[in-house]
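Read off the chains here:
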Amino acid sequence: MATTMARPPRPPSNSAIDPISEGENENEADELPSPQSSSTSSTSSALSCMILSEIAAVLSVMRRSLRQHPSHRDSDPNQDPSLILSLKALRRVLFSSRPTDPSLYLRPFLDVVRSDETGAPVTAAALSSIYKILTVDSLGAGPALPEVVDAVTSCRFEVVDQASEEAVLMKLLQVLLACVKGGKEAVGLDDQHVCTAVNTCFRVVHQAGGKGELLQRFSRHAMHEIVRRVFARLPFVITDRAPDGPVNQEVSGVDKDQPFGIKQQAENGNGMLNSVPDETVPVTNALNGNVIQTLTIEPFGVPCMVEIFHFLCSLLNVVDQVGLNPNNSTTIAFDEDVPLFALRLINSAIELGGPSIKNHPKLLALIQDELFRNLMQFGLSTSPLILSMVCSIVLNLYQHLRTELKMQLEAFFSCVILRLAQSKFGASFQQQEVAMEALVDFCHQKSFMVEMYANLDCDITCKNIFEELSNLLSRSAFPVNSPLSSMHILSLEGLIAVVQNMADRLGNSPQSEQSPVELTSYTPFWTLNCDDFSDPDQWVKFVRKRKLVKRRLMIGADHFNRDPKKGLEFLQGTHLLPEKLDPQSVACFFRYTAGLDKNLVGDFLGNHDEFCVQVLREFAFTFDFEGMNLDTALRLFLETFRLPGESQKIQRVLEAFSERYFEQSPHILANKDAALLLSYSLIMLNTDQHNVQVKKKMTEEDFVRNNRHINGGSDLPREYLLELYHSILRNEIRTIPEQGLGFFEMSPSRWIDLMRKSRTNPNYILSNSEPHLDRDMFAIMSGPAIAAISVVFDHAESPETLSFCADGFLAIAKISAFHHLEDVLDDLIVSLCKFTTLLTASSMSDEPVTAFGDDLKARLATEALFLIATRYGDFVRTGWRNVLDCILRLHKLGLLPAKVASDVADDAELAPEVVQGKPVMSSVNTNHIQALGTARRSSGLMGRFSQLLSLETDEPRSHPTEHQLQAHQRTLQTIQKCRIDSIFTESKFLHSDSLLQLARALIWAAGRPQKVGGSSDDEDTAVFCLELLIAITLSNRDRIVLLWQGVYEHIAGIIQNTVMPCALVEKAVFGLLRICQRLLPYKENLADELLRSLQLVAKLDARVADAYCEGIAHEISRLVRSNASHIRSQPGWRAVMVLLSITARHQEASEPGFEALSFIMKDGAHIAPSNYVVCVEASRLFVESRVGPVDRSTKAVDLLTGSVVCLTKWSKEAKEASDEEGEKMGEAVREMWLRLTQALRKACLDPREEVRNHAIGCLCKTLIGSDGVCLQSASWLQAFDLVVFATLDDLLEIAQSSNHGQQKDYRNIEGSLVIGARLLARVYLHLLPDLYGLSSFCKLWLGVLSRMEKCVKVKVRGKRSEKVQEIVVDLLRNVLGVMKGKGILAKRSTIGGDSLWELTWLHVNNISGGLQGEVFPDGEGEEN
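Residues numbered from 1 in each chain as written. Predicted model: local features only at pLDDT ≥ 70, side-chain atom pairs only at ≥ 80, totals over all residues. Heavy atoms only, no water.

K.L.:
Looking at this model, I keep getting lost on the overall build of the protein. Mind explaining?
P.N.:
Of the regular secondary structure elements, the protein holds 60 helices and four strands. The buried share of the protein, taken over its 1424 residues, is 54%. Here the contacts in the protein between residues at least 6 apart in sequence split such that 76% fall between residues at least 24 apart. Of the accessible surface of the protein, which amounts to about 61,300 Å², a share of 49% is contributed by carbon and sulfur atoms. (Helix = DSSP H or I, 4+ residues; strand = E, 2+ residues; numbered from the N terminus. Buried < 20%, exposed > 50% of the residue type's maximum accessible area, 1.4 Å probe, protein only. Contact = heavy atoms within 4.5 Å. Areas by Shrake-Rupley, 256 points an atom, 1.4 Å probe, with all protein chains shown as cover.)

Here you go:
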């Protein structure tokens, strides 16, 4: 059966060659270009050969067709058909010349395609030839392309079988593809021909539905490729070339009426290109325009793109396709083939057009309105394919055009993503999965969430999209009473992507504190604006302020819903409403605040109070009804509150609405009364049609009749009323707020309002790479995010998921630290500690190290925990307690590095095998380490591993398995990665608040010290914590003031509550001494307090002190040697000297103690008025100490004697000082001198002869050598009474006691008496010039005589000592001689009267009767 295809009559001039007569052909040939010369290029020759071969191929097929179907010949059977003649003529031309017009090559083949006398094989051959010629670059076929498109779209052929038809259609599409080129090479075709080509392709696509799979696929591919090529040109179209419409011709676009939705075949049943009978017009007529033939055709541009895009959008018109009302169905179900294909084409167009679309208003308007409206409807499709494609389109739109689609994006996420991603709204699992995948794709866009927050969450007229999306991701990641599924992992991916994007932005900005936003005065919140949205300094403040306003408005709405009056008062108190309420501000509060109780708002607006009436009017004037139908405007108005039930309130509300509507959209209404009456009528119609209690419904005629004469006395047009009637009939006006939906539903009136808002709210904030708003965003999502990631981490088993969660934890920590969110970081640490299993005894009871090594989750959590502690420790607060709990557990297991508690100063002292607190694995000697299973703990990390390796022991034990070895190795690697030691060795870099919390955590973890020791584990923990506390104290010497009080109280508690030696008190004592030793040079203002703490050591229980006395002495010695110059106060020296004095009683401790004392006193190097007295006292104690050698006591005496030099120096300084200060200094020196002589006096009574005699001699030396000391006569008299006389009296008493068997330890006491007598005589004679003029001189002199008399008469061991008597008499003789020589001793003395003479000889005669004659022979005394 043959079918011809109608086509327009072709004028003779359109034929390439007119075969009339041979002569005419010769004349025509003469007019053609002359033959080329022999120099013709090989390219031209090749082209001619190629065309000749194509001519031969077509002719052969045509001849075969004529033999098979002779009826196709012309009337003369001996003459070739015209089509064959034109091909032969072209062949002759190629032999004789080379045409310059490419149309001459193509026209004979195009005639074959147009012909209705050719069959499918001939048409297919011609199309193949056309395609081959078009693909030759050297031909330059651009000018001929319009004719090719016209011919192809007018193709008519006879179909013999389906296979041949499909072959022709495929070749036809192939030719169209060759004609349409995109990009910069788009030449030859104008907008009209491109639309024609697209229309033809779509018709083939439509007709291919009942044909072979290959044709179906290729036809779709061809149309897809043509659309891609068309829109690929958009970036190269010059914007100002022409407006978005036709320029030189009328482009009617793609015929969307005829091909769309047509399912029937053609009458002949062959499903050809035309889907109409033969007599119908050709496809070109569907364009409502004629084929434009011109030699110079401007390349296609935006007009055809607008038409094509509009056609593609029309394929998505859901209501036209299936007559579906979206409001009456949760999801959309229909044949997905056509819309899915259209969506794919639209997606490609957007991908290739990209941001260039915004330069062309018509294209942009199609996307903003028609496309997005259809996407909103198709987004609710039950088909995963369609939903996925819709989401892909929206993602591309966001990527390229988001600045123009702010409100549309809000609507898409509110009505589609948030609705379908949750099962509670009735979405299937496939819908949830596709919606969640789309959301995750958006979350991977680095700027998506921050732009949603800045543009929507911070806009009072928009929803909190960021907050809702982040909460959705967090909720969806929770495996509630179910195992972990792909949906949970998908949600986690999106959540971590958001967090990771925030973390990545932190590296682009310096750390800075954002000042809090405050509302200090009233400003109309709906008028807030930003002058420059391109300047972050301006828009960030604006956005944060607007978010604060929105947050407070929502709080105010909550108050309003409970009590309207208090709600308004709250808003006045927060400066959102003026102190004196005005109608406009309250109206804007009602209009722009989400969450208000619509019943309360309706009652307020309908109230008859004058203020409420004014608020109602202002409320109505916040709406923009321009260009809206009355029913649409009424729907929009009544969606914002519930219409009151009272008729008077309804009237007031509708009056306000009608006034506003008539002002903006009068249309055919005569006045506002007409708008009011018609609005009433619509409300009544709505109640009548949608109230189930109304049995008899209002008809069209009833509605028209009810509204007669309301338009200023005349009738409204019947068509207008019927349109309103059917609108209300199809779509109810909801006067009662929707309850229980839980999601935002897009209605037609809301869409119209959205489009208006998109025009009035054009500003879209583009986010850069700076974290301007991340702190506010993270504060909103951090809690749910940590909980969600923690739950997934808890349920996950795969290593990939666990590592993914660990990365999320670290990203959260980074953000928290950067923005100083300490509470968030502490919460994160609490979560991680739970996953380490270190704090769960039951999980590690059998073999904890092996169990830990086998648990990947625990190891990852541990690594993350300590990485956070070391990297972000500045911002950890209470979380340090949890970190320390884990550290203590590792310590108990022997898994910590041996030097974890070392401080910075110790780093240089580390053994060669220890690097940065971590032992080198190769340094372990396994020959002497305890094996696995023993009770003793190892001292460090490698010790624990060595326990596993060692097998040398007398006791039989099992060999470790390969599994155990691997598990232990993994454990060791994890602990080494944690770098736990750096928490303490690098604590000097911690922020002060964090450091203080770390110290408090250590004190808390150590527990309260008890007088009765607890378990060994408790003591070990306390010791370890104290080590760490001391380490961080020493590392932070510059901030010791911050730590000292807590450290001191902790150490004091240990020392004061310990009565027996133990490791804890040992660590406390020596730690305290070490702190003082190390920190004194750096904190002079704290020196006294540090040294005062040494009193704790002095108050140690005797048993404890005895146990550690030697060590204490060495520490004190080191302290003194390194810090003597830094100890300046008297209390400080007293604290040190008390400890030195205590060492004098202990044999082991006395030696280092005396060395420290010698260092201080020798040569007066470190003696000062502040420490002189305590040094003297300490030296005296060392003199009296009998736990050491005698020579040390004598050296102590020498130290006392040598200190006179210091007194002499200070006396000189006192003389040089001012009167008052000098007098004060002199008095202090005299007091110190007296203390010195008294100390020497006590040393003179030492039982040891060497010490005693040496001390008496030194006392004499001191007294005689004190000439440079600023002493007064009173001082000397006091020294005689308290020192000289007292020393001799004590010696005499000791000698006397020996007569009764007492004082057996005092050997050779008579020798000491002799030295004492000499001391008395020498000192007396030395001071005689200064003392003899005193009124008390007589008393002093008699005291000297009385002591000499006692020395002569004393009995040692029962008898008098001749030696003593002899020496005393000689000394007295010498003294008397000196006094005689100085004229002091005479019978008539001027000093003391005659009594001195008489008393002197009274005592002298008792000592030796002949001394008077020896001193005063021949009565010289009387003469004098």
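K.L.:
Help me understand the environment of Leu-492 in this model?
P.N.:
On the secondary structure map, Leu-492 appears in helix 19 (residues 486-505). With 19 residues separating them along the chain, Leu-492 and Leu-473 place their C-alpha atoms 6.9 Å apart. With sequence-adjacent residues up to four places away left out, Leu-492 is seen in contact with Ala-477, Ile-789, Val-792, Thr-801, Phe-804 and Cys-805.

K.L.:
I tried to follow helix 4 (residues 102-114) on my own but got confused; where do I start?
P.N.:
Residues that lie three or four places apart on an α-helix share one face, since the helix turns once every 3.6 residues. Under the 1.5 Å per step criterion, the end-to-end length of helix 4 is 18 Å for 13 residues, consistent within 8% with the ideal 18 Å. Judged by how many residues are buried, helix 4 sits mostly within the fold: twelve of 13 residues are covered. Pro-102, Ser-103, Tyr-105, Leu-106, Arg-107, Pro-108, Phe-109, Leu-110, Asp-111, Val-112, Val-113 and Arg-114 are the residues of helix 4 that are buried. (Expected span 1.5 Å × (residues − 1).)

K.L.:
What am I meant to see in the pattern of salt bridges here?
P.N.:
Opposite charge on two side chains permits pairing when their charged atoms draw close. What the rule picks out here adds up to 42 salt bridges. The residue Arg-505 makes a salt bridge to Asp-774 at a minimum N-O spacing of 2.9 Å. Of this pair, Arg-505 sits in helix 19 while Asp-774 sits in helix 31 (residues 774-795), placing them 269 residues apart in sequence. Judged by relative accessible area, which is 7%, Arg-505 ranks as buried. Residue class for Asp-774 comes out buried when judged on its relative accessible area of 0%. The salt bridge involving Arg-1192 is made with Glu-1151; its shortest N-O contact spans 3.1 Å. Remark: Glu-1151 occurs in helix 48 (residues 1147-1161) and Arg-1192 occurs in helix 50 (residues 1190-1202); sequence separation between them is 41 residues. One salt-bridge network, held together by shared partners, links Arg-107, Asp-111, Arg-114 and Glu-147. (Salt bridge = Lys/Arg side-chain N within 4 Å of Asp/Glu carboxyl O.)

K.L.:
I would appreciate a short explanation of the environment of Ser-48 in the present structure.
P.N.:
With respect to the helices and strands, Ser-48 occurs in helix 2 (residues 42-68). On the basis of relative accessible area, Ser-48 is assigned to the buried category, the value being 16%. Taking the C-alpha atoms as reference points, Ser-48 and Tyr-105, 57 residues apart in sequence, are found 9.6 Å from one another.

K.L.:
What is the right way to look at the nonpolar core in this model?
P.N.:
If you look at soluble globular proteins, the nonpolar side chains tend to sit buried side by side. Counting residues in each nonpolar core, the largest one holds 387 residues, and the members touching the most others are Met-223, Phe-309, Phe-413 and Trp-1341. Tallying contributions element by element places helix 55 (residues 1309-1331) first for this core, with 13 residues. In contact with Phe-309, not counting residues within four places along its chain, are Phe-231, Ile-346, Ala-349, Ile-350, Leu-363, Leu-366, Ile-367 and Leu-371. Of all hydrophobic cores here, the second largest spans 63 residues; its members include Ile-460, Leu-519, Leu-716 and Tyr-725. (Core = buried A, V, L, I, M, F, W, Y, C linked by side-chain atoms within 4.5 Å.)

K.L.:
So what exactly am I meant to see when it comes to the packing of helix 13 (residues 361-378) against helix 14 (residues 384-401) here?
P.N.:
Each pair of packed helices can be summarised by the angle the axes make with each other and by the distance between the axes. Remark: helix 13 packs on helix 14, axes separated minimally by 9 Å, with the N-to-C direction vectors making an angle of 145°. As for the relative orientation of helix 13 and helix 14, their crossing is left-handed in sense. On the side of helix 13, the interface is formed by Ile-367, Leu-371, Phe-372, Leu-375 and Phe-378, while helix 14 contributes Ile-386, Val-390, Ile-393, Val-394, Leu-397 and Leu-401. In terms of residue class, the contact of helix 13 with helix 14 is built from eleven nonpolar, no polar and no charged. (Axes fitted to C-alpha atoms, helices over the stretch in contact; angles between N-to-C directions. Left-handed = near helix turned anticlockwise from the far one by under 90°. Nonpolar A, V, L, I, M, F, W, Y, C, P; charged D, E, K, R; others polar.)

K.L.:
Would you mind going over the packing of helix 53 (residues 1249-1264) against helix 55 with me for this structure?
P.N.:
Contact geometry for helix 53 and helix 55: axes closest at 9 Å, N-to-C directions at 0°. Here helix 53 is positioned roughly parallel relative to helix 55, judged by the angle of their axes. Here helix 53 contributes Arg-1252, Asn-1253, Ile-1256, Gly-1257, Leu-1259, Cys-1260, Leu-1263 and Ile-1264 to the contact with helix 55, which in turn contributes Ile-1309, Gly-1311, Ser-1312, Ile-1315, Gly-1316, Leu-1319, Arg-1322, Val-1323 and His-1326. Looking at the contact of helix 53 with helix 55, its residues break down into nine nonpolar, six polar and two charged. (Parallel < 35°, antiparallel > 145°, perpendicular 65-115°, else oblique.)

K.L.:
How do you make sense of the packing of aromatic side chains when you look at a structure like this?
P.N.:
The way to describe two aromatic rings as a pair is by their centre distance and the angle between their planes. Applying the stated criterion across every chain yields a total of 39 aromatic pairs. Ring plane angle 85° and centroid distance 5.5 Å describe the contact between Tyr-398 and Phe-448, whose orientation is recorded as edge-to-face. Of the two residues, Tyr-398 is situated in helix 14 and Phe-448 in helix 17 (residues 448-457); the sequence distance between them amounts to 50 residues. By the burial criterion, Tyr-398 is buried, and Phe-448 matches it. (Phe/Tyr/Trp six-rings, centres within 6.5 Å; stacked < 30°, edge-to-face > 60°.)

K.L.:
So what exactly am I meant to see when it comes to the side chain of Ser-1150 here?
P.N.:
Within the secondary structure layout, Ser-1150 lies in helix 48. A residue is classified by how much of its surface remains accessible, and Ser-1150, at 0% relative accessible area, is buried. A polar atom in the side chain of Ser-1150 sits 3.0 Å from the backbone oxygen of Gln-1147. (Polar contact = N/O pair within 3.5 Å; in protein donor to acceptor, adjacent residues only side chain to side chain.)

K.L.:
Just checking my understanding: could you explain unusual backbone geometry for this structure?
P.N.:
What is expected of a backbone is that most residues other than glycine have negative phi and most peptide bonds are trans. You will see that His-820, though not glycine, has its phi angle at about 60°, which is positive. Turning to its location among the elements, His-820 is positioned in the loop between helix 32 (799-818) and helix 33 (822-835). Residue classification places His-820 among the partly exposed residues on the basis of a relative accessible area of 22%. Unusually for a residue other than glycine, Thr-837 sits at a positive phi of about 65°. Secondary-structure assignment places Thr-837 in the loop between helix 33 and helix 34 (848-854). Judged by relative accessible area, which is 16%, Thr-837 ranks as buried.

K.L.:
Explain the confidence of the model for the protein to me, please; I cannot follow it from the model alone.
P.N.:
Any segment with low pLDDT has predicted coordinates that should not be analysed in fine detail. The predicted model of the protein has a mean per-residue pLDDT of 81, with 82% of residues at 70 or higher. Within the model, the stretch residues 1-40 combines pLDDT values under 50 with 64 contacts to residues more than four positions away or in other chains. Low pLDDT, under 50, characterises residues 907-939; the predicted model gives this stretch 64 contacts beyond four residues in sequence or across chains. (pLDDT = per-residue confidence, 0-100.)

K.L.:
Is there a simple way to think about the side chain of Arg-1230 in this case?
P.N.:
Its location among the elements puts Arg-1230 in helix 52 (residues 1219-1243). We classify Arg-1230 as buried; its relative accessible area is 10%. Of the polar contacts made by the side chain of Arg-1230, one reaches the side chain of Glu-1227; its length is 3.1 Å. What Arg-1230 contacts, discounting residues up to four positions off in sequence, is Glu-1223, Cys-1270, Leu-1271, Gln-1272 and Ser-1275.

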